[in-house]
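Structure at a glance
Listed here are the chains, written in short residue letters.
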Amino acid sequence: MDSGLIKEEVLLKMSQQKKKISPKNYKERLFELTTTTLSYYEHDKGKKGSKKGSIFVERISCIDTVNLEEQTPVQRQHPFQIVYDEGILYVFAKDENSRRSWLEALYQEIKSNSNLLKKYHSGFWTDGKFLCCKQTSKHAPGCTMWKSSGHQEMAPPLFNTLLPPLPVRVPACLISLCVHFWFSNGNSSAL
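Owing to the predicted nature of the structure, the values given are computational and were not obtained by experimental measurement.

Concerning the pattern of salt bridges
- Per the counting criterion, the structure on display carries 7 salt bridges.
- With a closest N to O distance of 2.9 Å, Glu32 and Lys48 form a salt bridge. Residue Glu32 is found in strand S2 (residues 26-33), and its partner Lys48 is found in strand S4 (residues 47-56); the two are separated by 16 residues along the sequence.
- Looking at Glu32, the relative accessible area reads 3%, which means it is buried.
- With a relative accessible area of 40%, Lys48 lands in the partly exposed category.

Details of the sheet that holds strand S6 (residues 79-84)
- If you trace the 7 strands from one edge of the open sheet to the other, you get S4-S3-S2-S1-S7-S6-S5, paired in antiparallel fashion. Of all strands in the sheet, those bounded by a partner on one side alone are S4 and strand S5 (60-65). Shown here is a sheet whose adjacent strand axes are inclined to one another by a mean of 35°, direction ignored.
- Relative to S4, strand S3 (residues 37-44) is paired through 7 bridges, and the arrangement is antiparallel. Opposite His43, over in S4, you have Lys48 as the bridge partner.
- Seen against the sheet, helix H1 (residues 96-110) touches strand S1 (7-14), S2, S3, S5 and S6 and runs at an angle of roughly 160° to S5.

Observations concerning the environment of Thr36
- Residue position: Thr36 is located in the loop between S2 and S3.
- Given the relative accessible area of 40%, Thr36 is considered partly exposed.
- Taking the C-alpha atoms as reference, Thr36 lies 9.9 Å from Arg59; in sequence the two are 23 residues apart.

Rules used throughout
- Residues numbered from 1 in each chain as written.
- Predicted model: local features only at pLDDT ≥ 70, side-chain atom pairs only at ≥ 80, totals over all residues.
- Heavy atoms only, no water.
- Salt bridge = Lys/Arg side-chain N within 4 Å of Asp/Glu carboxyl O.
- Helix = DSSP H or I, 4+ residues; strand = E, 2+ residues; numbered from the N terminus.
- Buried < 20%, exposed > 50% of the residue type's maximum accessible area, 1.4 Å probe, protein only.
- Pairing = 2+ DSSP bridges.
- Axes fitted to C-alpha atoms, helices over the stretch in contact; angles between N-to-C directions.
- Contact = heavy atoms within 4.5 Å.

The following block contains the structure:
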């Protein structure tokens, strides 16, 4: 185990479907966040088993919630994602407090990373596409601004932008007078 254990909890993990024929499944794993890695282990009857995976914290580029799929079972109501250089890890917390706690702890560790994303996919990657934007490449750029990152400058909303003043209505007789004056001063050749 790495020094500097920050957080540890049993969470539900979705298979990463690294191969096109990989089935989607969910397994309980013991997750450990340290100052350098996020690791997950087999977990059975309260005992920590063998390490199943590990991600260096410096390789994480985004963490955020994921929109629920239709007819989501109770045990998968609080998903979040960890985007890193080799893919996306989907994890499910037992409740909203647990999810929020994990997102806050992860963000504290990654906020200085140089590879943070400005956009991410708010929907799951499933059946060969992202549910949020229907893109069929796992490497497609994100479609949703990452608001929780705090690392990018957000453009001010359009409704707060000052608009130019409305033009003053000019009476038609004044326009006619200006045109007559312009022509009478020898400007007809400018047309």
